[in-house]
Amino acid sequence: MGEEETRGTGSVDLRGIPRVDRVLANPSLAEAKRKLGAATLTRLVRRFLDEAREAVRGGAPCPSVEDVALRVAAHAERTLRTRARRVINATGVVLHTNLGRAPLGARVAEALASSAAGYTSIEIDLATGRRGRRGAFAEDALCELSGAEAALVVNNNAAAVLLMLGALAAGRPVVVSRGELVEIGGGFRVPEVMARSGARLVEVGTTNKTRIADYACALDAAPDAAAILRVHQGNFRQVGFVERPEHRSLAALARERKVLLLEDLGGGAIVELEPLGFSEPSVRSSVEAGSDVVCFSTDKVLGGPQGGAIVGRADLVAACRKDPLARALRLGRLPLVALEATLAAYLEGDLDAIPTLAALRAPLSAVHARAERIQAELAQKGVTSSVVELGGAVGGGACAEEPLPSFGVALEATGGALAAIAERLRAGDPPVLPRVQEGQILFDVRTLLDGEDEPLTAAIVHAVKG
Ligand SMILES: *Cc1c(COP(=O)(O)O)cnc(C)c1O
């Protein structure tokens, strides 16, 4: 079926444009057809042929069947690569937002496979056969682990903060230090979330210094205030001429003035991380210091799936649970199963089953030994690398500007070669994400999970040897 048309001065011959069925039958599209389906692929081929027709009208030569098929195959591959898949994190950032924050590990994967693959007893009481409370185990475990009276789990910490403020302070003033009006990644800004919740923001203090007296003055001026909100200054650090009241003094002021002390804690550490050298307060310490309600993420230093928790005084948590927004923000079945499995590991004291904690707790000597083993393995396979000292990061808005001591292996390469190796690493199976810097590709081993050493070395060898 040829086509011919006249445009301007010359005539353009479109008869050489390949036919749809010929392109679809090309062997280079077999895999794409299987993975995307025949209908999607046909639409894609038509689109590329339309573009080819346009190009030919503009004076380009007619593409061959193979040309079009290869272009469509490359496009299909890019589409398939956008699908979320397992990758090896060699960046040294333990909670990497672009890599899904906390990895879940084998124990949680097993729970997902056994409890979530079929029907799940998520809202049924198996003792009585009657309807049960969704999230009951997770919420009871969070109380046990934090010392709080009550808990509620929701979709993420942004949801937890929104729900807490909406349920407990809508229409009323809430006092926040100017040093804590922060923006977390991904568009979460305290003033904007507060506005959406219906609470009225009252700013106190200055960017670098806020004293107890500032809070007291603000409460004098706002007799109908509902609460003081304390926000974890997660992903940035103030140094120098700075001041922030003691948590306990703030709690005492809130009690004296009969307002609530609400807290957005960010990370949700269940075990004390300060003895390990991380300046990240635990949920228990926040509850003990006197916060009436504490919100946190379950996929940051807690090391679980995406989720948010609201813990604290029973009457206040109950008010959050009763709010109509709670239903809209509830935690999904899959993350709930994963969260319960994570919390079960905490209850049993099986901390090594939580990969985030394993990465944070790994002694530097063990990290060093692991880097040496990988370097030796690479040498045996003909790839030259060196063991280097590195500074990773906790990530996920925790311990900003505090490098996480680590070791890794470094490959030296220049310009184009370096970019080509990094690209081959990302294109591999599994894809590997290293840290790329001037003249070097660095593989931080602290963020490697169990069993990833061998696939990592294989991927490096493959990428280097092209
Ligand atoms: C991370 C963080 C949030 C947002 O939590 P998500 O679970 O990502 O929704 C809010 N507040 C603070 C202080 C945080 O660190």
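Per chain, residues are indexed from 1 in the order of the written sequence. Note on the predicted model: pLDDT of at least 70 is required for a residue's local features to be given, and 80 or more for side-chain atom pairs to be given and counted; whole-chain, interface and lining totals, by contrast, use all residues. By convention in this description, side-chain values take in all heavy atoms of the structure and omit both hydrogens and water.

Student: Would you mind going over the overall build of the chain with me for this structure?
Tutor: Scanning the chain for helices and strands turns up 18 helices and 18 strands. Based on the C-alpha atoms only, the size of the chain along its principal axes is roughly 85 × 55 × 55 Å. Within the chain, the proportion of its 466 residues that are buried is 47%. For the chain, the proportion of contacts with a sequence separation of at least 24, taken over those separated by at least 6, is 74%. For the chain, the computed accessible surface area is about 22,500 Å², with 52% contributed by carbon and sulfur atoms. Under the convention used here, Asp and Glu are negative, Lys and Arg are positive, and both His and the chain ends fall outside the count. Where a charge lies is defined by one atom per residue type, namely NZ (Lys), CZ (Arg), CG (Asp) and CD (Glu). The average position of the 55 basic charges and that of the 57 acidic charges among the side chains of the chain differ by 5 Å. Strands are runs of DSSP state E lasting at least two residues, helices are runs of H or I lasting at least four, and both sets are numbered from the N terminus onward. Three labels apply to residues, based on accessible area from a 1.4 Å probe with only protein chains included: buried if under 20% of the type maximum, exposed if over 50%, partly exposed otherwise in between. Contact between two residues is taken to exist if any of their heavy atoms lie within 4.5 Å; hydrogens are not considered. Areas reported here follow the Shrake-Rupley algorithm with a probe of radius 1.4 Å; residue values treat only the protein chains shown as occluding.

Student: Explanation requested: the pattern of salt bridges in the structure shown.
Tutor: Close approach of charged atoms allows side chains with opposite charge to pair. A pairing counts as a salt bridge when a side-chain nitrogen of Lys or Arg comes within 4 Å of a carboxyl oxygen of Asp or Glu. Taken as a whole and judged by the stated rule, the model has 33 salt bridges. Here Glu452 and Arg86 are joined by a salt bridge, their closest N and O atoms 2.8 Å apart. Here Glu452, found in the loop between strand E18 (440-444) and helix H18 (453-465), pairs with Arg86, found in the loop between helix H4 (65-81) and strand E3 (88-89); they are 366 residues apart in sequence, far enough to count as distant. Residue class for Glu452 comes out buried when judged on its relative accessible area of 4%. Since its relative accessible area comes to 53%, Arg86 is described here as exposed. The closest approach of N and O atoms between Glu377 and Lys381, which form a salt bridge, is 3.4 Å. On the basis of relative accessibility, which here comes to 34%, the residue Lys381 falls in the partly exposed class.

Student: What is the right way to read the site of the ligand from this model?
Tutor: We call a residue near a molecule or strand whenever a single non-hydrogen atom of that residue lies within 4 Å of it. Taken together, Arg101, Asn156, Asn157, Ala158, Ile184, Phe188, His232, Asp264, Gly266, Ser297 and Lys300 form the complete shell of residues around the ligand. One of the side-chain nitrogen or oxygen atoms of Asp264 is found 2.6 Å away from a nitrogen atom of the ligand. For the ligand, whose unbound accessible area comes to 380 Å², protein coverage reaches 93%. Every element with two or more residues in the shell around the ligand is listed here: helix H7 (157-169) and strand E11 (260-266). As used in this structure description, the phrase polar contact means that two N or O atoms lie within 3.5 Å; if the pair is within protein, one of them must be able to donate a hydrogen and the other to accept it, and residues adjacent in sequence are counted only when both atoms belong to side chains.

Student: What is the right way to read helix H9 (residues 212-221) from this model?
Tutor: Structural remark: α-helix, 3.6 residues per turn; residues separated by three or four positions point the same way. When we look at burial in H9, the residues that qualify are Tyr215, Ala216, Ala218 and Leu219. Summarising the axial view, the buried residues of H9 lie within an arc of 165°, below the 170-degree limit, and thus occupy one face. For H9, exposure combined with an orientation more than 90 degrees from the buried face picks out Cys217, Asp220 and Ala221. Working definition: the arc comes from the directions between the helix axis and the C-beta atoms, pointing outward to the latter.

Student: What am I meant to see in the packing of helix H16 (residues 364-380) against H18 here?
Tutor: Relative orientation and spacing of two packed helices are given, respectively, by the angle between their axes and the distance between those axes. Across the interface, H16 lies against H18 with an axial gap of 10 Å and an inter-helix angle of 40°. As the angle between them shows, H16 and H18 are arranged oblique. The handedness of the crossing between H16 and H18 comes out as right-handed. Side by side, H16 and H18 meet where Arg370, Ile374, Glu377 and Leu378 of the first sit next to Asp453, Leu456, Thr457, Ile460 and Val461 of the second. Note that Gly is not counted as nonpolar here; it falls among the polar residues with everything else outside the nonpolar set of Ala, Val, Leu, Ile, Met, Phe, Trp, Tyr, Cys and Pro and the charged set of Asp, Glu, Lys and Arg. Each residue belonging to the contact of H16 with H18 can be placed in one class, and the counts come to five nonpolar, one polar and three charged. Lines fitted to C-alpha atoms define the axes, with helix axes restricted to the stretch in contact, and inter-axis angles between N-to-C directions lie between 0 and 180 degrees. An angle counts as roughly parallel when it lies under 35 degrees, as roughly antiparallel when it exceeds 145, as roughly perpendicular when it falls between 65 and 115, and as oblique in every other case. Two helices crossing with the near one rotated counterclockwise from the far one by less than a right angle form a left-handed crossing, whereas a clockwise rotation gives a right-handed crossing.

Student: What exactly am I supposed to notice about the pairing of strand E6 (residues 173-177) here?
Tutor: Where a strand is regular, its side chains alternate between the two sheet faces. Within E6, five of the five residues are buried, leaving the element largely enclosed by the surrounding structure. The two faces of E6 match: Pro173, Val175 and Ser177 on one face and Val174 and Val176 on the other face are all buried. Sheet topology note: the E6/strand E9 (residues 200-204) ladder contains five bridges and is parallel. Across the sheet, the residue bridging to Pro173 is Arg200, located in E9. For E6 and strand E10 (residues 227-231), the ladder comprises three bridges, and the chain directions are parallel. Whether two strands pair depends on DSSP finding at least two bridges between them.

Student: Explain the domain arrangement of the chain to me, please; I cannot follow it from the model alone.
Tutor: Interface size, as often reported, equals the accessible area lost upon joining of the parts. Source of the domain bounds: an automatic or database domain assignment. Split into domains, the chain comes out as domain 1 (4-81), domain 2 (88-97 + 358-465) and domain 3 (106-353). A separation of 40 Å is found between the C-alpha centroids of domain 1 and domain 2.

Student: Any chance you could explain the sheet that holds strand E12 (residues 293-297) here in plain terms?
Tutor: In sheet architecture, strand pairing relies on hydrogen bonds along the backbone and comes in two forms, parallel and antiparallel. Strands sit in the order E5-E13-E12-E11-E10-E6-E9 across an open sheet of seven strands; the sheet is mixed. Single-partner strands in this sheet number two, and they are strand E5 (150-154) and E9. Neighbour-to-neighbour, the strand axes of the sheet open up by a mean angle of 20°, direction not taken into account. Relative to strand E13 (residues 308-312), E12 is paired through five bridges, and the arrangement is antiparallel. Bridging across to E13, Phe296 finds its partner in Ala309. Sheet strands in contact with helix H12 (residues 314-322) are E5, E11, E12 and E13, and its direction is about 25° off that of E5.

Student: How should I be thinking about the sheet that holds strand E14 (residues 386-395) in this particular structure?
Tutor: Across the sheet, five strands lie side by side as E4-E14-E15-E18-E17; this open sheet has mixed pairing. Only two strands of the sheet have a single partner each, and these edge strands are strand E4 (93-95) and strand E17 (435-437). The mean angle between the axes of side-by-side strands here comes to 35°, regardless of whether they run parallel or antiparallel. Judged from the five bridges that link them, strand E15 (residues 404-412) and E18 form a sheet pairing that is antiparallel. Bridge assignment links Leu411 to a residue of E18, and that residue is Ile441. Sheet strands touched by H16: E14 and E15. Its angle to E15, the strand with the most contacts, is close to 10°. On the sheet, helix H17 (residues 415-427) packs against E17 and E18 and is oriented at approximately 35° with respect to E18.

Student: Looking at this structure, I do not really get the packing of aromatic side chains. What am I missing?
Tutor: Aromatic ring pairs: the centre-centre distance and the angle between the two ring planes describe each pair. In this analysis, rings of Phe, Tyr and Trp, with Trp reduced to its six-membered ring, are considered paired at centre separations within 6.5 Å, and the interplanar angle assigns stacked below 30 degrees, edge-to-face beyond 60, and tilted for intermediate values. Taken as a whole and assessed by the stated rule, the structure comprises zero aromatic pairs. Criterion for a charge above a ring: Lys NZ or Arg CZ within 6 Å of the ring centre, and within 35 degrees of the ring normal. A cation sits over an aromatic face here: Lys209 above Phe241, 3.9 Å from the ring centre.

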